[in-house]
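# Breakdown of the fold
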Amino acid sequence: MDSNTIQRYSKYSLAELKTKAQKVFNAWIRKRDEGLPCISCGSGTPTQACHYLSQGHHSALRYNEDNTHLGCIKCNLFLHGNLINYRKGLVKKIGEARVQSLEDYPKTAHKWNRFDLIIKIEDYKTRLKESE
């Protein structure tokens, strides 16, 4: 990462960088899963980047691509992820071993720093441009 990139983000607080990173990451998930049904119910109109393991309890997995998939508003918000069916859909999509790896991931807090967040933002911005 060059100094110009770091300088470009210097006006943003850590919280603002985390929000920017989350927005571009979610946009990438939507692009990656475009055309796929909701990971949990297999129907609906999936528009949300849904986390299998919550960001609040598994902050290290906030930007993990195996942990985040496209889901519908009903499952994500009203059914709190519809987790039993999310897991079934996840096993079909990425396999039991990778799901188990997520579930075995230590439940510890992760403190994101400016540089990690800037790297995430730039990486997912690049991926989005490349996928257009």
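Computed from a predicted structure; not experimentally measured.

### A closer look at the pattern of salt bridges
The full count for this structure, using the stated rule, is ten salt bridges. Here arginine 8 ties to glutamate 122 by a salt bridge, and the two come within 2.9 Å at their closest N and O atoms. Here the residue arginine 8 occupies a position in helix H1 (residues 3–8), and glutamate 122 occupies one in helix H6 (residues 114–131), the gap between them amounting to 114 residues. You can call arginine 8 partly exposed: its relative accessible area is 43%. Residue arginine 87 is joined to glutamate 103 by a salt bridge in which the shortest nitrogen-to-oxygen separation is 2.7 Å. One end of the pair, arginine 87, is in helix H4 (residues 83–94); the other, glutamate 103, is in helix H5 (residues 96–104), with 16 residues separating them in the sequence. Overall, arginine 87 belongs to the partly exposed group, its relative accessible area being 23%. Counted as one network, the salt bridges with shared partners bring together Arg8, Glu122 and Lys125.

### Topic: unusual backbone geometry
The residue histidine 80 is not glycine, and still its phi comes out positive at about 50 degrees. Exposure remark for histidine 80: the relative accessible area of 65% places this residue in the exposed category.

### Observations regarding the packing of H4 against H5
Two numbers describe how H4 lies on H5: the axes approach to 7 Å, and their chain directions differ by 125 degrees. It follows that H4 is oblique to H5 by the angle criterion. Together, Arg87, Leu90, Val91 and Ile94 of H4 and Glu96, Arg98, Val99, Gln100, Leu102 and Glu103 of H5 make up the contact between the two elements. Per-class residue counts for the contact of H4 with H5 are five nonpolar, one polar and four charged.

Calculation notes
Residues numbered from 1 in each chain as written. Predicted model: local features only at pLDDT ≥ 70, side-chain atom pairs only at ≥ 80, totals over all residues. Heavy atoms only, no water. Salt bridge = Lys/Arg side-chain N within 4 Å of Asp/Glu carboxyl O. Helix = DSSP H or I, 4+ residues; strand = E, 2+ residues; numbered from the N terminus. Buried < 20%, exposed > 50% of the residue type's maximum accessible area, 1.4 Å probe, protein only. Axes fitted to C-alpha atoms, helices over the stretch in contact; angles between N-to-C directions. Parallel < 35°, antiparallel > 145°, perpendicular 65-115°, else oblique. Contact = heavy atoms within 4.5 Å. Nonpolar A, V, L, I, M, F, W, Y, C, P; charged D, E, K, R; others polar.

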